[in-house]
Amino acid sequence: MSGARSALFEPEFVQALCELFETRICFNQVLGLRVDSLEADTVQAHVLMRPELIGHYQHHRLHGGVISATLDAMGGLAVMAAIGARHMDEAPDTRLARFSKLGTIDLRVDYLRPATGPRFTATAQVLRLGSRVASTRMEFLDHSGQLLSVGAAAYIVS
């Protein structure tokens, strides 16, 4: 389990959301996603380079599918955080139950540079949280903070 931090959310909500994201969404386990921070407006996580994530064997570049899946997952996590923040008057378990209908309906990824290095960071922000659809923007950076890929997505929330 990650040591995610949050200035807004209660520790039990952060722990439960991280468990859902990192463990119960099994594909995120395959990616090795670990949440670093959860706020109402921005979420951040990281992925460590591993041999099974390499897409170009000669240059040891991260596979583009890992990048797009990470950006998609991060957009979803940002929507979860925004929904959680919108309903702070509810108990943590009630807020977590709101995520059952969340799903990606559109995803765009722009690959700007090859992804090499030991660690990658991904961030996401919700641009608009409507009653049915949320729009997000995501970034994927290398260990030195250089922007490698950007994404935009829409998610169904109800």
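Here goes a summary of the coordinates provided. Everything numeric here is computed off the predicted structure, so don't read it as measured data.

Rules used throughout
- Per chain, residue numbering runs from 1 following the sequence as it is written.
- At least 70 in pLDDT is required for a residue's local features to be given in this predicted model, at least 80 for side-chain atom pairs to be given and counted, and no such filter applies to totals for whole chains, interfaces and linings, which use all residues.
- Each side-chain value is worked out from all heavy atoms of the structure, with water and hydrogens disregarded.
- A pair of sulfur atoms, both from cysteines and within 2.5 Å, is called a disulfide here.
- Only protein chains enter the calculation, and the probe is 1.4 Å; a residue is then buried if its accessible area is under 20% of its type maximum, exposed if over 50%, and partly exposed in between.
- Pairing of aromatic side chains here covers Phe, Tyr and the six-membered ring of Trp, requires ring centres within 6.5 Å, and sorts the geometry by plane angle: under 30 degrees stacked, over 60 edge-to-face, intermediate tilted.
- Strands are runs of DSSP state E lasting at least 2 residues, helices are runs of H or I lasting at least 4, and numbering of each runs from the N terminus.
- The criterion for a charge sitting over a ring is simple: Lys NZ or Arg CZ within 6 Å of the ring centre, and within 35 degrees of the ring normal.
- Two residue types count as positive, namely Lys and Arg, and two as negative, namely Asp and Glu; His and chain ends fall outside the count.
- Within this document, salt bridges are pairs made up of a side-chain nitrogen of Lys or Arg and a carboxyl oxygen of Asp or Glu, the two lying within 4 Å of each other.
- Polar contacts here mean pairs of N or O atoms no more than 3.5 Å apart (in protein, one a potential hydrogen donor and the other a potential acceptor; neighbouring residues in sequence count only if both atoms are side-chain atoms).

1. Side note on the state of the cysteines
Part 1: Within the structure shown, the criterion is met by 0 disulfides.
Part 2: Left unpaired, Cys 18 is separated from the closest cysteine sulfur, that of Cys 26, by 16 Å.
Part 3: Take Cys 26: its relative accessible area is 52%, and that puts it in the exposed class.

2. As for the packing of aromatic side chains
Part 1: Applying the stated criterion to the full structure yields 2 aromatic pairs.
Part 2: Note on Phe 9 and Phe 13: the rings are 4.8 Å apart at their centroids and 40° apart in plane angle, and the pair reads as tilted.
Part 3: Looking at Phe 9, the relative accessible area reads 5%, which means it is buried.
Part 4: Taking the centre distance of 5.4 Å and the plane angle of 20° together, the rings of Phe 120 and Phe 140 count as stacked. Within this pair, whereas Phe 120 is found in strand β6 (residues 119–129), its partner Phe 140 is found in strand β7 (residues 133–141), the two being separated by 20 residues in sequence.
Part 5: Judged by its relative accessible area of 0%, Phe 120 falls in the buried class.
Part 6: Assessed through its relative accessible area of 1%, Phe 140 is described here as buried.
Part 7: Its guanidinium or amino end placed over the ring of Phe 13, Arg 95 lies 4.6 Å from that ring's centre, counting from NZ or CZ.

3. Some remarks on the side chain of Asp 142
Part 1: Locating Asp 142 in the fold gives a position in the loop between β7 and β8 (147–156).
Part 2: For the buried Asp 142, no salt bridge exists, and the shortest N-O distance to an oppositely charged side chain is 7.5 Å, to Arg 113.
Part 3: Polar contacts involving the side chain of Asp 142 include one to the main-chain amide nitrogen of Gln 146, which spans 2.9 Å.

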